[in-house]
Number of protein chains: 2
Amino acid sequence: MDNYPSKILENAVNELAKLPGIGKKTALRLALYLLRQDPAEVEAFGTAIIKLRNEILYCKICHNISDEEICPICSSPKRNAAIVCVVENIRDVMAIENTGQFQGVYHVLGGIISPVEGIGPDQLTIDKLVNRVREGTIREIILALPTTIEGDTTNFYLYKKIKEFPVKMTAIARGISIGDELEYTDEVTLGRSILNRTPYETLLPGR
Amino acid sequence: MDNYPSKILENAVNELAKLPGIGKKTALRLALYLLRQDPAEVEAFGTAIIKLRNEILYCKICHNISDEEICPICSSPKRNAAIVCVVENIRDVMAIENTGQFQGVYHVLGGIISPVEGIGPDQLTIDKLVNRVREGTIREIILALPTTIEGDTTNFYLYKKIKEFPVKMTAIARGISIGDELEYTDEVTLGRSILNRTPYETLLPGR
């Protein structure tokens, strides 16, 4: 498809096709869809995208996306600022928030250490985390990075930086997903779920 | 996913999720991708979309998308304005143009007659086509609408409207795709390909 009847259409298709996972054919379909919509709707669409890039802020404490200088989680009096969950990115924050199980706060690293992709500790918000720890209000750091070599490397790097401070370091539990069957679980997860077994009493209802 | 840390992000995700085939999760992924891009790039993206809706024109002759009042195909002296190919939409024009086999011009109906979807002849550019025929320069109308009940209905409607004029009406050939095997071809296509068989001589090279 390269015989566009209009430069304006071609330009819009090329812009849409820059989005990840969207090829030229899908981009054309989207462009023709937008052409059929109300002009005010399309204006709102384009403006929302431009506003997203130009106006969004990053929380000065946890580096989560925010509309204010301090994000709603960090500024909430209901959250326990002594417990900090360290995550790779914003989507991880949203995933944990959706569980409704966590009352602490976050620290968004903005990535994990990956020599292959050229990401070193300096490109992440690790120093900022160490500064937060240095301030003395944090009692526990929960590591929630991916279980990959890069995740493990980053965990260990953080451990070395933070071990001098009187802060408990934990990692989120890895195990078999609720509802999953043992025979279909990979050995590493199954092995770990045995090593990290939980006292049964803590699982009883009412506790 | 509904705990957005930012209203601006939530708004952008909702706008992206209005696009056909894009759900909330994909929209979030796209929004976070856009957040990582250069502000000028994102501005160009948003502007291209708004411009698409506000500035694109439809050719006054064939109703194809155009940047000018008359599209490049209709205004080209190389095209044969006596042969008009009638198509449902703009993508059909692009598909035929990509073959490089057609030297005539087009007429874009903007849809086909569909009582189920509430599309009647008045919502299409059928009257405009009849006016073009009435002007007297058109010698042949090639029907290239879909082979559905709606397509057949539209073809017959056009036939009734145009048969009083001295214009030849043809339809594009339907048959087995080049390279396809007979045993995997549906009966209707196979049956039609026998009824509409082509003199072998016309297929010889050099003709």
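For clarity, every value in this text was computed on a predicted model and none was experimentally measured.

Undergrad: Is there a simple way to think about the overall build of chain A in this case?
TA: Helix and strand content of chain A: eight helices and six strands. Beginning at the N terminus, the succession of helices and strands in chain A can be written as α-α-α-β-β-α-β-α-β-α-β-α-β-α. Taken over C-alpha atoms, the radius of gyration comes to 22 Å for chain A, far larger than the 17 Å a tight globule of 207 residues would show. In terms of overall dimensions, chain A has C-alpha extents of about 70 × 45 × 40 Å along its principal axes. Among the 207 residues that make up chain A, the fraction classed as buried is 38%. For chain A, contacts bridging at least 24 residues in sequence account for 48% of all contacts bridging at least 6. With the model as given, the accessible surface of chain A reaches about 12,100 Å², and the carbon-plus-sulfur share is 52%. Within chain A, one finds 24 positive and 27 negative side-chain charges whose respective centroids are separated by 4 Å.

Undergrad: I would appreciate a short explanation of the domain arrangement of chain A in the present structure.
TA: Many authors give the size of an interface as the accessible area that is lost as the parts come together. Here the domain parsing of chain A yields domain 1 (7-55) and domain 2 (75-203). The C-alpha centroid of domain 2 of chain A is placed 37 Å from the C-alpha centroid of domain 1 of chain A.

Undergrad: Honestly, the environment of Glu140 of chain A in this entry has me stumped. Any pointers?
TA: All names here are of chain A. One can find Glu140 in strand E5 (residues 140-143). In sequence terms Glu140 and Tyr4 are 136 residues apart; their C-alpha atoms lie 58 Å from each other. Excluding residues that lie within four positions of it along the chain, Glu140 makes contacts with Ala82, Ile83, Val84, Val167, Lys168 and Thr170. A distance of 2.8 Å separates a polar atom in the side chain of Glu140 from a polar atom in the side chain of Thr170.

Undergrad: Would you mind going over the confidence of the model for chain A with me for this structure?
TA: Parts of the model with low pLDDT should not have their predicted coordinates read in detail. Per-residue pLDDT for chain A averages 89, and the proportion of residues at 70 or more is 98%. Scored as a complex, the prediction yields pTM 0.74 and ipTM 0.77.

Undergrad: Quick question: what am I supposed to make of the pattern of salt bridges here?
TA: Opposite charge on two side chains lets them pair, provided their charged atoms get close. Residues and elements named next belong to chain B. Using the criterion set out here, one finds 11 salt bridges over all chains in the structure. Where Glu55 meets Lys51, a salt bridge forms, and the shortest distance between an N and an O atom there is 4.0 Å. With Glu55 and Lys51 both in helix H3 (residues 39-55) and four residues apart, this pair spans about one turn of that helix. Judged by relative accessible area, Lys51 falls into the partly exposed class, the value being 36%.

Undergrad: Help me understand helix H5 (residues 90-99) of chain B in this model?
TA: Working note: α-helix, 3.6 residues per turn, so residues spaced by three or four point in the same direction. Taken together, the buried positions of H5 of chain B are Ile90, Val93, Met94 and Glu97 of chain B. Projected onto a plane normal to the axis of H5 of chain B, the buried residues spread over an arc of 95 degrees and lie on a single side. Looking at the buried residues of H5 of chain B, the elements they touch are helix H2 (24-36) of chain A together with strand E1 (57-58), strand E2 (65-66), helix H4 (72-75), strand E3 (80-87) and strand E4 (104-108) of chain B. Of the residues that open H5 of chain B, the one with a side-chain oxygen 3.1 Å from the backbone nitrogen of Arg91 of chain B is Asn89 of chain B.

Undergrad: Whenever I open this one, the interface of chain A and chain B confuses me. Can you help?
TA: In this complex, chain A contributes 55 residues to the contact, which on the side of chain B involves 56 residues. Where chain A abuts chain B, roughly 5,400 Å² becomes buried across the two surfaces, and 71% of that area is made up of carbon and sulfur atoms. Applying the counting criterion to the chain A and chain B interface returns two salt bridges. Applying the counting criterion to the chain A and chain B interface returns 12 residue pairs in polar contact (both at pLDDT 80 or more). Among the elements of the structure, helix H1 (7-16), H2, helix H3 (39-55), strand E2 (65-66) and helix H5 (90-99) of chain A are those that each provide at least two residues to the side of chain A that touches chain B.

Undergrad: Explain the pairing of E4 of chain B here, please?
TA: Residues and elements named next belong to chain B. E4 sits mainly inside the fold: five of its five residues count as buried. For E3 and E4, the ladder comprises five bridges, and the chain directions are parallel. Each bridged residue has a counterpart across the sheet, and for Val84 the counterpart in E4 is Val105. Taking the sense of rotation as the criterion, the β-α-β connection linking E3, H5 and E4 turns out right-handed.

Undergrad: Whenever I open this one, the sheet that holds strand E5 (residues 140-143) of chain B confuses me. Can you help?
TA: Remark on secondary structure: sheet strands pair via backbone hydrogen bonds, oriented parallel or antiparallel. Residues and elements named next belong to chain B. Read across the sheet, four strands follow the order E4-E3-E5-E6 without closing on themselves; strand pairing throughout is parallel. Among the strands making up the open sheet, the edge pair consists of E4 and strand E6 (168-171). The average undirected angle you get between the axes of adjacent strands in this sheet is 25 degrees. Strand direction decides the pairing type here: E5 and E6, joined by four bridges, are parallel.

Undergrad: Looking at this structure, I do not really get the packing of aromatic side chains. What am I missing?
TA: How two aromatic rings sit relative to each other is given by the distance of their centres and the angle of their planes. Residue and element names in this part refer to chain A. What the rule picks out here adds up to four aromatic pairs over all chains. With centroids separated by 5.2 Å and ring planes inclined at 65 degrees, the aromatic side chains of Phe102 and Tyr106 adopt a geometry described as edge-to-face. Judged by relative accessible area, Tyr106 falls into the buried class, the value being 1%.

Conventions we followed
- Sequence order as written defines residue numbering, which begins from 1 separately in each chain.
- Labels follow written order: the first chain is A, the first ligand is 1, and so on.
- Under the rules for a predicted model, residues below a pLDDT of 70 receive no local features and side-chain atom pairs below 80 are neither given nor counted, while totals for whole chains, interfaces and linings still include all residues.
- Note that water and hydrogens are dropped before the side-chain values are worked out from all heavy atoms of the structure.
- Each helix is a run of DSSP H or I of at least 4 residues and each strand a run of E of at least 2, with the numbering of both proceeding from the N terminus.
- C-alpha atoms define the radius of gyration, and 2.2 Å times the number of residues to the power 0.38 defines the globule rule.
- The classification of residues rests on relative accessible area computed with a 1.4 Å probe and restricted to protein chains. Under 20% of the type maximum is buried, over 50% is exposed, and intermediate values are partly exposed.
- Should any heavy atoms of two residues lie within 4.5 Å, those residues are considered in contact.
- With residues, only the protein chains shown are counted as cover, and all accessible areas are computed by Shrake-Rupley using a 1.4 Å probe.
- Counted as positive: Lys and Arg. Counted as negative: Asp and Glu. His and the chain ends are not counted at all.
- By convention, charge coordinates are those of NZ in Lys, CZ in Arg, CG in Asp, or CD in Glu.
- Here the bounds of each domain stem from an automatic or database domain assignment.
- Pairing of N or O atoms within 3.5 Å defines a polar contact, subject to two protein rules: one partner must be a possible hydrogen donor and the other a possible acceptor, and residues neighboring in sequence count only if both atoms are side-chain atoms.
- Per-residue confidence from the predictor is reported as pLDDT, a score between 0 and 100.
- Each reported salt bridge corresponds to a side-chain nitrogen of Lys or Arg within 4 Å of a carboxyl oxygen of Asp or Glu.
- The arc in question is the one traced by the directions running from the helix axis out to the C-beta atoms.
- A quick way to say it: buried area is the sum, across both parts, of accessible area lost when two parts are put together, with a 1.4 Å probe.
- In short, DSSP must find at least two bridges between two strands for them to pair.
- Think of it like this: strands point away, you trace from the first strand over the helix to the second, and a clockwise trace means the crossover is right-handed.
- Angles shown run from 0 to 180 degrees and are taken between the N-to-C directions of axes, each axis being a line fitted to C-alpha atoms and, for helices, limited to the stretch in contact.
- Two aromatic rings, drawn from Phe, Tyr or Trp (for Trp, its six-membered ring), form a pair once their centres lie within 6.5 Å of each other, and the interplanar angle then sorts them: stacked below 30 degrees, edge-to-face above 60, tilted otherwise.

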